[in-house]
Amino acid sequence: MKSFLIPVDQSESVPSALETAWRFARLFGGTVEGVALRPAFAEIVAPDPIVAVTIPPADWNETEFCRSVRSVFDVFATAHGTAGQPEAGTSARFRWRGGPAIDDATLGSLARVYDTTVVARPGNRGSRMTTLEAALFDSGRPLLMAPPNAPKTLGETVLIHWNASTETARAIEFALPILRLAKRVSFIAVEGHISPGPSIRDAIAHLEANGIRSTEKTVTTRKGPGDAILAEAASIGADLLIKGAYTQSRLRQMIFGGATSHILSHADIPVFFAH
């Protein structure tokens, strides 16, 4: 992993997202590349023919917006770009991607040429859900979700949510470089929320074949699986959660809830997602 894309806007969560991206990139001596992410503007839909036109406000100044968000990025880069990590002997580099600000759809396609995209947890202070979902569903690459408050460490104690799904298998495969550097790796499975497929012991054997030792725990819960996963992460002091995203459909999660939806709303540690 060497290239990390971070969309930068004017939300309050940008400092935490930058800190998370920096900690992640310096594990591998990688480069954090920032890009200006345009705010969501209102759309006017014409019925005949059906077409949606995005209308920015009258006082919108794209040049000033890009200058403002780049300044935030540059200040952080100046303070952190040469700060190494003694344990790994590496440091992160920073680069700004020029040009006009991009929208969510463009971010989803642009992310295809980066190893990971870093976005803040959605919410009032965080990223838009559409931003996260564009990077997650359209890029074909993993996504690192930054918590509302910047983490102190990242990737030292890693918890993997195992539910035997295709999405989880993909997340683990993307995460192998992280797992090789971790000091501790643990699996958690939640009874009643496991797809037909390989067992958690099979997952441990897969990591062992890749030179990674791990432990496992299967739990029962009267609450949702998301609660159980985050409780276990807190119990072991995890500073990274690895999870397949939306192993149920987004519509089903909206109606019935699900682990992904709960974690998107409540995780206070970085989460490495893949779909």
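Residues numbered from 1 in each chain as written. Predicted model: local features only at pLDDT ≥ 70, side-chain atom pairs only at ≥ 80, totals over all residues. Heavy atoms only, no water.

Peer 1: Hey, could you go over the overall build of the protein for me, with residue numbers and the actual values?
Peer 2: Along the backbone of the protein there are 9 helices and 14 strands. For the protein, the residues scored as buried account for 51% of the 275 residues in total. Of all intrachain contacts in the protein linking residues separated by at least 6 positions in sequence, the fraction that spans at least 24 positions is 79%. Carbon and sulfur atoms form 52% of the exposed surface of the protein, whose accessible area is close to 13,100 Å². (Helix = DSSP H or I, 4+ residues; strand = E, 2+ residues; numbered from the N terminus. Buried < 20%, exposed > 50% of the residue type's maximum accessible area, 1.4 Å probe, protein only. Contact = heavy atoms within 4.5 Å. Areas by Shrake-Rupley, 256 points an atom, 1.4 Å probe, with all protein chains shown as cover.)

Peer 1: Kindly report on the environment of H262, identifying the contributing residues and their values.
Peer 2: Mapped onto the fold, H262 is located in helix 9 (residues 259–266). A residue is classified by how much of its surface remains accessible, and H262, at 19% relative accessible area, is buried. The contacts of H262, once residues within four sequence positions are left out, are G226, D227, L230 and A267.

Peer 1: Lay out helix 4 (residues 129–138) with the relevant residues and their values.
Peer 2: Of all the positions in helix 4, only T131, L132, E133, A134, A135 and L136 are classed as buried. Backbone geometry just after helix 4 places G140 at a positive phi near 75 degrees.

Peer 1: Which residues make up the packing of helix 7 (residues 225–236) against helix 9, and what are the values?
Peer 2: In a pair of packed helices, the angle between the axes and the distance between the axes together describe the arrangement. Where helix 7 meets helix 9, the axes come as close as 7 Å, and the angle between the chain directions of the two elements is 50 degrees. One element, helix 7, and the other, helix 9, form an angle in the oblique class. The way helix 7 lies across helix 9 gives a crossing that is right-handed. On helix 9, the residues touching P225, G226, D227, I229 and L230 of helix 7 are A259, H262, I263 and H266. Its residues assigned to classes, the contact of helix 7 with helix 9 comprises 5 nonpolar, 3 polar and 1 charged. (Axes fitted to C-alpha atoms, helices over the stretch in contact; angles between N-to-C directions. Parallel < 35°, antiparallel > 145°, perpendicular 65-115°, else oblique. Left-handed = near helix turned anticlockwise from the far one by under 90°. Nonpolar A, V, L, I, M, F, W, Y, C, P; charged D, E, K, R; others polar.)

Peer 1: Just give me the short version of the side chain of S127, but keep the residues and values in it.
Peer 2: Residue position: S127 is located in the loop between strand 8 (116–120) and helix 4. You can call S127 buried: its relative accessible area is 9%. Those residues in contact with S127 that lie beyond four places of it in its chain are S13, V119, A120, R121 and P122.

Peer 1: So, the packing of aromatic side chains: which residues are in play, and what are the values?
Peer 2: Throughout the structure, instances matching the rule amount to 11 aromatic pairs. On the numbers, 5.1 Å between centres and 65 degrees between planes, the contact of F4 with F24 is edge-to-face. With F4 in strand 1 (residues 3–8) and F24 in helix 1 (residues 14–26), this pair connects stretches of sequence that are 20 residues apart. Residue F4 is classed as buried on the basis of its relative accessible area of 0%. The exposure class assigned to F24 is buried, which follows from its relative accessible area of 0%. (Phe/Tyr/Trp six-rings, centres within 6.5 Å; stacked < 30°, edge-to-face > 60°.)

Peer 1: Give me the pattern of salt bridges: which residues, what numbers.
Peer 2: For the structure shown, the criterion picks out 10 salt bridges. The shortest N-O distance in the salt bridge between E33 and R97 comes to 3.7 Å. Within this pair, whereas E33 is found in strand 2 (residues 31–36), its partner R97 is found in the loop between strand 7 (93–96) and helix 3 (104–110), the two being separated by 64 residues in sequence. Taking the relative accessible area as the measure of exposure, R97 reaches 35% and is therefore partly exposed. One salt-bridge network, in which partners are shared between bridges, spans E33, R95 and R97. (Salt bridge = Lys/Arg side-chain N within 4 Å of Asp/Glu carboxyl O.)

Peer 1: Explain the pairing of strand 2 to me, and be specific about the residues and the numbers.
Peer 2: Extensive coverage of strand 2 is indicated by the burial of 6 of its 6 residues. Of the two faces of strand 2, the one carrying T31, E33 and V35 and the one carrying V32, G34 and A36 are both buried. Sheet analysis places strand 1 next to strand 2, joined by 6 bridges and oriented parallel. Bridge pairing in strand 2 places V8 opposite A36. In this region the chain leaves strand 1, passes through helix 1 and returns to the parallel neighbour strand 2; the handedness of that crossover is right-handed. (Pairing = 2+ DSSP bridges. Right-handed = clockwise from strand over helix to strand, strands pointing away.)

Peer 1: Give me the confidence of the model for the protein: which residues, what numbers.
Peer 2: Averaged over every residue, the pLDDT of the protein is 89; the share at 70 or more is 88%. Taken as a whole, residues 83–89 scores under 50 in pLDDT and shows 10 contacts with residues more than four places along the chain or in a different chain. This model gives residues 251–257 a pLDDT under 50, and the stretch forms 8 contacts once residues within four places in sequence are excluded. (pLDDT = per-residue confidence, 0-100.)

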